[in-house]
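Residue-level structure breakdown
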Amino acid sequence: INKKDLGAGINRLTVFDQNTQPIAERLYFGRPAQRLSLTGALDQATPATRQKVRLDLSANTTEPAELSLAVYRLDSLPAPDQPTIDSYLLLTGDLKGTVESPAGYFRQPDANADAALDLVMLTHGWTRYRRADLTATLPAEPFRPEYGGQFIKGRIVDTRTEQPASGVTAYLAAPDLRPKLFLAISDSLGNLRFEADKLHDRQDIIVQTDYRTDSTYRLEISSPFSERYATRRWPQYALDSVNADALLTRSVDMQALNAFAPRPVNTTAFVGADTLGFYGQPNEKYFLDDYTRFPTTEEVMREYVPGVFVKKRKGKFQFAVVDQISPGIKVFSGEPLVLMDGVPVFDTDLIMAFNPLKIKKLEVIDGTYYLGPRSFSGVVSFGTYKGDLAGLELDPRALVVAYDFAQSRKEFYAPRYETDVRRRSRLPDFRNLLHWAPALVTDARGKRSVDFYTSDQMGTYRVVVQGITANGAVGSTEFTFEVKPEARQ
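One numbering rule holds for all chains: residues counted from 1, following each sequence as written. Reporting of local features is limited, given that this is a predicted model, to residues whose pLDDT is at least 70; pairs of side-chain atoms are given and counted only at 80 or more, and all residues count toward the totals for whole chains, interfaces and linings. By convention in this description, side-chain values take in all heavy atoms of the structure and omit both hydrogens and water.

In this section: the overall build of the protein chain. Looking only at helices and strands, the protein chain features eight helices and 28 strands. The C-alpha atoms of the protein chain give 31 Å as radius of gyration, which overshoots the globular expectation for 489 residues (23 Å, by more than 25%). Along the first, second and third principal axes, the C-alpha atoms of the protein chain reach 85 × 85 × 50 Å. Relative accessibility decides the category of a residue: with a 1.4 Å probe and only protein chains considered, values under 20% of the type maximum give buried, values over 50% give exposed, and everything between is partly exposed. Of all 489 residues assigned to the protein chain, the portion counted as buried reaches 39%. Secondary structure counts use DSSP, requiring at least four H or I residues in a row for a helix and at least two E residues in a row for a strand, with both numbered from the N terminus. With C-alpha atoms as the basis for the radius of gyration, the globule rule is written as 2.2 Å multiplied by the number of residues raised to the power 0.38.

Given below as structure tokens:
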């Protein structure tokens, strides 16, 4: 095998016998022929505190390169060697175990470095196969890829027999101004799996079944955290008295930032947030403040909403939606999906008893609506002013859980001292992280410029730049600069 024909990074070489059974395997590392070379230069070598700094970044490529940038202060606290994007993608991402200081293999590529890399490949990537292991049944993959959203797992149990219930439809909702509803049907073991998207941080979720037909079931929701732990044993943490002053300084800096920042530091950035409910654009939409307010919800429905009929059967209220989408106007015989802030309400009497002054809007889907494997005879969605159900009494069989979702994206906070008034402000600025930009794209010349302001913290700061191009070329660089005190006039 010609080494030049092998790809950049780790190549896996496997030997098979005449029965196409693997016998042995090892790894070979090929250095990339072309790497993304990054450089950065400041417009001033030693900026003062609260001064604007311009950073010019350059890459040896004419195609757009996506870069990440971090500028942070160095202090006496020991910090491990952080992995770089090139050492991870080309080396450690495909290895078993831990490699100490992987970036060192890329700094000075020579014969000695290549020999050391080959020893790493033999240590971490040599495998001899045993036929008994090859014939054993492979374990099932415990985690499935979450392409459409986070999986929320649960279980349905029949309270009469305490056995798993199969084929039961469960509804999961997170009360909000923008209704979000997810549906799952239990399998033969009673397991549920909701695929929930557009939910972030810690939220209350409400899980229930349709109690009109499924009233004898108990719902359980699994923890969002993994029950499998890493096998690596980390050394016991011990606080060194030598680092006490540095840790105290960092703690005071953080408290000062939280206390004096002009706006919340951890502001959530809702990028591309959907302003519609899960059912999309409704066919009918009513803002009740635009109409004469009636004392009961029944009067509101009868007077304002021509697409929904109100009727009583056996002393209980029911809604019937007019199907205006299918050819020929007709009224659905089945009941629609009734929602309050996205939470299904299966007892229409609860809606009728609800104070209409707490309802901000009403939306109607005038046609058959499909949600997963289920279809509904229209949708009647009520929305309160805050999206918090406004005190609506839930069925006692509903399960309410405070669930932890993936964290939402946060806006990076950094003050800008663009005027002399702001620069002379007495509010302290003890930031250690001056700038963080996760996605900077270079132009056709491989250039990109950013600017940021220093804080009140003097000392040495490190600039770390990492990047990747569309064809897979990766690279990183870092350098330091000093922040000096402001000159007094």
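The discussion continues.
Over its 17 residues, helix α5 (residues 244-260) extends 24 Å from the first C-alpha to the last, a length consistent with the 24 Å expected when each residue adds 1.5 Å. Of all the positions in α5, only Ala 246, Asp 253 and Ala 256 are classed as buried. For α5, the angular spread of buried residues about the axis comes to 85°, placing them on one side. Relative to its buried face, α5 has exposed residues pointing more than 90 degrees away, namely Leu 248, Met 254, Asn 258 and Ala 259. Residue count minus one, scaled by 1.5 Å, sets the expected span of a helix. This arc describes the spread of directions from the helix axis toward the C-beta atoms.

Moving on: the environment of Glu 298. Within the fold, Glu 298 resides in helix α6 (residues 297-304). In sequence terms Glu 298 and Met 340 are 42 residues apart; their C-alpha atoms lie 15 Å from each other. For Glu 298, the residues in contact, after removing those within four places along its chain, are Phe 317 and Met 352. Contacts are residue-level and defined by heavy atoms, with any inter-residue pair within 4.5 Å sufficient.

Quick look at the pattern of salt bridges now. Should their charged atoms come close, side chains of opposite charge can pair. A pairing counts as a salt bridge when a side-chain nitrogen of Lys or Arg comes within 4 Å of a carboxyl oxygen of Asp or Glu. Evaluated as defined, the whole model comprises 30 salt bridges. Here Asp 176 ties to Arg 178 by a salt bridge, and the two come within 4.0 Å at their closest N and O atoms. Notably, a salt bridge pairs Glu 418 with Arg 416, separated by 3.1 Å at the nearest N-O pair. Within this structure, Arg 155, Glu 162, Arg 218 and Glu 220 form a network of salt bridges that share partners.

Criterion used throughout: strands pair if DSSP finds at least two bridges between them. The strand order β25-β5-β27-β28 describes an open sheet built from four strands, whose pairing is antiparallel. Here the strands that pair on one side only, and so sit at the sheet edges, are β25 (433-441) and β28 (474-483). When strand polarity is set aside, the average angle formed by the axes of neighbouring strands in this sheet is 10°. Of the pairings in the sheet, the one linking strand β27 (residues 459-469) to β28 comprises ten bridges and is antiparallel in character. For Gly 467, the partnering residue across the bridge sits in β28 and is Gly 475. Angles shown run from 0 to 180 degrees and are taken between the N-to-C directions of axes, each axis being a line fitted to C-alpha atoms and, for helices, limited to the stretch in contact.

The way to describe two aromatic rings as a pair is by their centre distance and the angle between their planes. Ring pairs shown here join Phe, Tyr and Trp side chains whose ring centres sit within 6.5 Å, with only the six-membered ring taken for Trp; geometry is labelled stacked below 30 degrees between planes, edge-to-face above 60, and tilted in between. Counted under the stated rule, the structure contains twelve aromatic pairs. For the ring pair Tyr 171 and Phe 376, a centre distance of 6.4 Å and an interplane angle of 50° mean the geometry is tilted. One end of the pair, Tyr 171, is in strand β9 (residues 169-173); the other, Phe 376, is in strand β22 (residues 374-376), and 205 residues separate them in sequence. Accessibility expressed as a relative area gives 8% for Phe 376, which makes it buried. Relative to Tyr 279, the ring of Phe 278 has its centre 5.1 Å away and its plane inclined at 70°; by these criteria the two rings are edge-to-face.

This paragraph deals with the sheet that holds strand β16 (residues 316-323). Spatially, β15-β16-β17 is the arrangement adopted by the three strands of the open sheet, whose pairing is antiparallel. Each edge of the open sheet carries a strand with a single partner, namely β15 (308-313) and β17 (330-331).

This part takes up the environment of Pro 344. For Pro 344, the position within the fold is in strand β19 (residues 343-344). Remark: the alpha-carbon pair of Pro 344 and Thr 209, spanning 135 residues in sequence, is separated by 9.2 Å. Setting aside its immediate chain neighbours within four residues, Pro 344 contacts Tyr 171, Ala 173, Leu 181, Gln 208, Leu 337, Val 338 and Leu 339.

Of all six residues making up strand β23 (residues 379-384), six are buried, and the element is well covered by its neighbours. Sheet analysis places strand β18 (residues 337-340) next to β23, joined by four bridges and oriented parallel. Bridging from a neighbouring strand, Met 340 pairs with Phe 382 of β23. Across six bridges, the pairing between strand β20 (residues 359-365) and β23 is antiparallel. Directly across from Glu 363, in β23, lies its bridge partner Ser 381.

To continue, consider a nonpolar patch on the surface. Together, Tyr 88, Leu 89 and Ile 468 make up a nonpolar patch on the protein surface, roughly 270 Å² of accessible area in all. If you trace the backbone, Leu 89 turns up in helix α1 (residues 85-90). Given a relative accessible area of 42%, Leu 89 falls into the partly exposed group. Every patch collects residues that have over 30% relative accessible area and no salt bridge, joining them within 9 Å if they carry like charges and within 5 Å if they are nonpolar side chains (Val, Leu, Ile, Met, Phe, Trp, Tyr). The accessible surface values rely on the Shrake-Rupley method and a 1.4 Å probe; as for residues, cover is taken only from the protein chains in view.

This part takes up the environment of Gln 163. Here Gln 163 is to be found in strand β8 (residues 163-164). Judged by relative accessible area, which is 46%, Gln 163 ranks as partly exposed. Separated by 26 residues in sequence, Gln 163 and Leu 189 have C-alpha atoms that sit 8.8 Å apart. Residues contacting Gln 163, with those up to four places away along its chain left out, are Ile 156, Val 157 and Asp 158.

As a further point, take the side chain of Ser 87. With respect to the helices and strands, Ser 87 occurs in helix α1. Excluding anything up to four places from it in sequence, Ser 87 contacts Thr 92, Pro 102, Ala 103 and Phe 106.

Of note, Lys 314 is a non-glycine position whose phi angle comes to about 55°, a positive value. Mapping Lys 314 onto the fold places it in the loop between β15 and β16. Residue classification places Lys 314 among the exposed positions, given a relative accessible area of 83%. Positive phi, close to 55°, is recorded for Asp 341, a residue that is not glycine.

Before going further, it helps to spend a moment on the nonpolar core. We call a set of buried Ala, Val, Leu, Ile, Met, Phe, Trp, Tyr and Cys residues a nonpolar core when their side-chain atoms join them within 4.5 Å. If you look at the biggest cluster of nonpolar residues, it comprises 43 residues, and the most contacted ones within it are Met 301, Phe 319 and Phe 382. Core analysis: the second largest hydrophobic core is formed by 22 residues, Ala 59, Ala 65, Leu 69 and Val 465 among them.

What is shown is where atoms sit, not what they do.
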